[in-house]
Amino acid sequence: MPRDVASDDYARGRRDGLRLALAILAAEEAKWAALLGESPSWRTNATRQVRHKTLQVAQARVRTALNRLTPRGDDGIDAELAAAIEAAGL
């Protein structure tokens, strides 16, 4: 049974979108990780810990969704996506 090229492109686009989302979440998580415990205010530190944990959970969920959509043996990242991530500074 032949595969539809349009559906393959759509699936690849979805995977690339999830990879980009994962890169953005990783950058945000790193930003909040650097700020943990830095404030003299306990309330601010608690809020930062919650944000950091929320970003970690979001990363795990996006990674799970990406793994479910990625065909076996497709471990590479698209060159165009890698260039977009690099251009965004992530």
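The structure reproduced in this document is the subject of the present report. (Residues numbered from 1 in each chain as written. Predicted model: local features only at pLDDT ≥ 70, side-chain atom pairs only at ≥ 80, totals over all residues. Heavy atoms only, no water.)

### Concerning the overall build of the protein chain
Put simply, the rule is: We count a stretch as a helix when DSSP gives it H or I for four or more residues in a row; a strand needs E for two or more, and each element gets its number in order from the N terminus. The buried label goes to any residue with under 20% of its type's maximum accessible area, the exposed label to any with over 50%, and the partly exposed label to all in between, with areas taken from a 1.4 Å probe on protein chains only. Any two residues whose heavy atoms approach within 4.5 Å are treated as being in contact. Residue-level accessible areas treat just the shown protein chains as cover; the underlying method is Shrake-Rupley with a 1.4 Å probe.
What the protein chain contains, in helices and strands, is three helices and zero strands. Residues classed as buried in the protein chain amount to 22% of the 90 residues present. Taking as baseline every contact in the protein chain between residues at least 6 positions apart, the subset at least 24 positions apart corresponds to 69%. Surface accessibility of the protein chain: about 6700 Å² in total, with carbon and sulfur atoms responsible for 55%.

### Examining the environment of V57
Inspection of the secondary structure assignment puts V57 in helix 2 (residues 42–69). Spatially, the C-alpha atom of V57 lies 9.9 Å from that of L25, the residues being 32 residues apart in sequence.

### Concerning the pattern of salt bridges
Note the cut-off: When a carboxyl oxygen of Asp or Glu is within 4 Å of a side-chain nitrogen of Lys or Arg, the pair counts as a salt bridge.
Summed over the entire model, instances satisfying the criterion amount to three salt bridges. For D9, the salt bridge identified is with R12, shortest N-O distance 3.0 Å. Here D9 pairs with R12, and both are found in helix 1 (residues 5–35), just three residues apart, close to one helical turn. The class for D9 is partly exposed, based on a relative accessible area of 44%. For E28, the salt bridge is made with K31, and the minimal N-O distance between the two is 3.4 Å. Of the two residues, E28 and K31 are both situated in helix 1; the distance of three residues between them amounts to about one turn of the helix. Take E28: its relative accessible area is 32%, and that puts it in the partly exposed class. By relative accessible area, K31 is classed as partly exposed at 41%.

### Examining the side chain of R19
As a reminder of what qualifies: N or O atoms closer than or at 3.5 Å make up a polar contact, with two conditions inside protein: a donor-capable atom paired with an acceptor-capable one, and, for residues adjacent in sequence, both atoms drawn from side chains.
Tracing the backbone shows R19 in helix 1. With relative accessibility at 13%, the residue R19 sits in the buried group. At 3.2 Å, the side chain of R19 forms a polar contact with the side chain of D16.

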